[in-house]
Amino acid sequence: MVEIEIDNSSGFCFGVVNAIESAERELEKDGDLYSLGDLVHNSLEMERLKRLGLQTIDHDEFSALKDQTVLLRAHGEPPSVYDVAKKNRIKIVDATCPVVLKLQRRIYDCYREIKGQDVQLVIYGKKGHAEVNGLVGQTEGTAVVIEKPEDLEKLDFSREIVLFSQTTKPLDGFREIVGMIESRMEKGMRFRYFDTICRQVANRLPRIKEFVSKHDWVYFVAGQKSSNGKMLFEECKKSNPHTVFISDASAINEPLPPEVRRVGVCGATSTPKWLMEEVAARIKSLNG
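This structure is a prediction, so every number in the text was calculated from the model and none was measured. (Residues numbered from 1 in each chain as written. Predicted model: local features only at pLDDT ≥ 70, side-chain atom pairs only at ≥ 80, totals over all residues. Heavy atoms only, no water.)

Chemist: Please give an account of the overall build of the protein chain that cites residues and values.
Modeler: When helices and strands are counted, the protein chain shows 11 helices and 12 strands. Over its C-alpha atoms the protein chain spans a radius of gyration of 21 Å, differing by no more than 12% from the 19 Å that the globule rule assigns to 288 residues. Residue burial in the protein chain is summarised as follows: out of 288 residues, 50% are buried. Residue pairs at least 24 apart in sequence account for 71% of intrachain contacts in the protein chain once pairs closer than 6 positions are excluded. When the accessible surface of the protein chain is split by element, carbon and sulfur atoms take 49% of a total near 14,100 Å². (Helix = DSSP H or I, 4+ residues; strand = E, 2+ residues; numbered from the N terminus. Rg over C-alpha atoms; globule rule 2.2 N^0.38 Å. Buried < 20%, exposed > 50% of the residue type's maximum accessible area, 1.4 Å probe, protein only. Contact = heavy atoms within 4.5 Å. Areas by Shrake-Rupley, 256 points an atom, 1.4 Å probe, with all protein chains shown as cover.)

Chemist: Could you give me a rundown of the sheet that holds strand 1 (residues 3-6), with the residues and numbers involved?
Modeler: The 4 strands are arranged 1-12-10-11 in an open sheet whose pairing can be described as parallel. Single-partner strands in this sheet number two, and they are strand 1 and strand 11 (243-246). Pairwise comparison of adjacent strand axes, ignoring direction, gives a mean angle of 20° for this sheet. The sheet contact formed by strand 10 (residues 217-221) and strand 11 spans 4 bridges and is parallel. Paired with Val-221 across the bridge in strand 11 is Ile-246. The sheet strands contacting helix 9 (residues 204-213) are strand 1, strand 10 and strand 12 (262-267), and the helix crosses strand 12 at an angle near 160°. (Pairing = 2+ DSSP bridges. Axes fitted to C-alpha atoms, helices over the stretch in contact; angles between N-to-C directions.)

Chemist: Would you mind going over the nonpolar core in detail, with residue names and values included?
Modeler: Within the largest apolar cluster, 17 residues are counted, with the highest numbers of intra-cluster contacts made by Leu-155, Ile-161, Leu-163 and Ile-181. Every element with two or more residues in this core is listed here: strand 6 (119-124), strand 8 (160-165) and helix 7 (171-184). Of all the elements, helix 7 adds the most residues to this core, at 5 residues. Among all residues touching Ile-161, those that are not within four sequence positions of it are Gln-120, Val-122, Leu-155, Asp-156, Ile-181, Met-185, Arg-190, Phe-191 and Arg-192. (Core = buried A, V, L, I, M, F, W, Y, C linked by side-chain atoms within 4.5 Å.)

Chemist: Let's hear about empty space enclosed by the protein: which residues, and what values?
Modeler: Scanning the model with the defined rule gives 1 cavity of 30 Å³ or more in all. By volume, the largest cavity amounts to about 30 Å³. Lining the largest cavity are Asn-42, Ser-43, Leu-44, Ala-222, Gly-223, Ser-247, Asp-248 and Leu-275. Classifying every residue of the lining of the largest cavity gives 3 nonpolar, 4 polar and 1 charged. (1 Å grid on protein atoms, 1.4 Å probe; cavity = no way out; pocket = protein on both sides within 12 Å on 5 of 7 lines; lining within 4 Å. Points joined across faces, edges and corners; volume = space filled by probe spheres on them. Nonpolar A, V, L, I, M, F, W, Y, C, P; charged D, E, K, R; others polar.)

Chemist: An account of the packing of aromatic side chains is requested, with residue identities and associated values reported.
Modeler: Within this structure, the stated rule accounts for 8 aromatic pairs. Ring centres of Phe-220 and Phe-233 lie 5.9 Å apart, and the angle between their planes is 50°; on these two criteria the pair is classed as tilted. Separated by 13 residues along the polypeptide, Phe-220 in strand 10 and Phe-233 in helix 10 (residues 227-239) bring together distant segments of the chain. Accessibility assignment for this pair places Phe-220 and Phe-233 in one class, buried. Taken together through their ring pairs, the aromatic side chains of Tyr-124, Phe-174, Phe-191 and Tyr-193 make up a single cluster. (Phe/Tyr/Trp six-rings, centres within 6.5 Å; stacked < 30°, edge-to-face > 60°.)

Chemist: Break down the sheet that holds strand 2 (residues 33-36) for me, citing the residues and quoting the values.
Modeler: Judged by pairing direction, the sheet is parallel, and its 4 strands sit side by side in the order 3-2-4-5 without closing on themselves. The strands lining the two open edges of the sheet, one partner per strand, are strand 3 (54-57) and strand 5 (91-94). Across this sheet, the average inter-strand angle for adjacent strands is 30°, counted without regard to direction. Relative to strand 4 (residues 69-72), strand 2 runs parallel, the two sharing 2 bridges.

Chemist: An account of unusual backbone geometry is needed here, citing residue identities and associated values.
Modeler: Phi at Arg-89 is positive, roughly 55°, even though this residue is not glycine. Along the chain, Arg-89 turns up in the loop between helix 4 (79-87) and strand 5. The phi torsion at Glu-140 lies on the positive side, around 55°, for a residue other than glycine. For Glu-140, the location among the structural elements is in the loop between helix 6 (130-137) and strand 7 (144-146).

Chemist: Describe the packing of helix 5 (residues 98-114) against helix 6, with residues and values.
Modeler: Relative to each other, helix 5 and helix 6 sit at 30°, their axes nearing to 8 Å. In terms of orientation, helix 5 lies roughly parallel with respect to helix 6. In this structure, helix 5 meets helix 6 at a crossing whose hand is right-handed. The segment helix 5 lies against helix 6, with Val-100, Leu-103, Gln-104 and Ile-107 engaging Glu-131, Gly-134 and Leu-135. Considered class by class, the residues forming the contact of helix 5 with helix 6 number 4 nonpolar, 2 polar and 1 charged. (Parallel < 35°, antiparallel > 145°, perpendicular 65-115°, else oblique. Left-handed = near helix turned anticlockwise from the far one by under 90°.)

Chemist: Just give me the short version of the state of the cysteines, but keep the residues and values in it.
Modeler: The final tally for this structure, using the stated rule, is 0 disulfides. The cysteine Cys-13 is free of any disulfide, with Cys-97 supplying the nearest cysteine sulfur at 6.3 Å. (Disulfide = S-S within 2.5 Å.)

Now the structure itself:
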């Protein structure tokens, strides 16, 4: 008999829950709502919201809208989006995660403080990611984005540096970047850094690694677009090589090897609980 366990710490983080609930409330009132970009990086959850009436648009489509209601997702947006909304009489339902909003304000205040000085404002994050675009927007596009150690070549270590982090980056990666910058700063040059990583997301890593290590086999459920999902999956594989990435229950087509007794189901911050429950039900139906 196969024992199946769903990881209680997996699934939507607070910011995503808030954004989805905001969308559902607005759709219930009006039945007509636009979302600037995917509300969550999970295609099945987006299909569910689409059936409720949510329409996803990109920034070009947003700029062409007038007199409509648009929800801003948890990742946040740069000031230019609010400027367009004001100009085009767009009602904004702002579901920016409070953690991201606080970081945007800190970066904006820092930028105002150092503007005109010989200081480099640096963001450790994924270039082109929606949250990072919103953070860079607080600096009028001047912040330098560092994604990996090789990107440090963009920096001038003979000048002062201020470092922030995208909220969903791994703590270990941030600490590595901090150490590398510290070791390369020229004598007498100031380096300030701020750990702005969301602990609800960061704390998932040790919890999920502990979870997968307790099972013979693990299905990690996440959307293909989820950067958080890709990162967590790679870490799960390190703790348990018998971890398989799937996007939904239909990916499971055959019974598990006979020696498997304990099966775990976990996922990313963008993975809905109902999807993990469907996966668990599929495992049960195929393995008795």
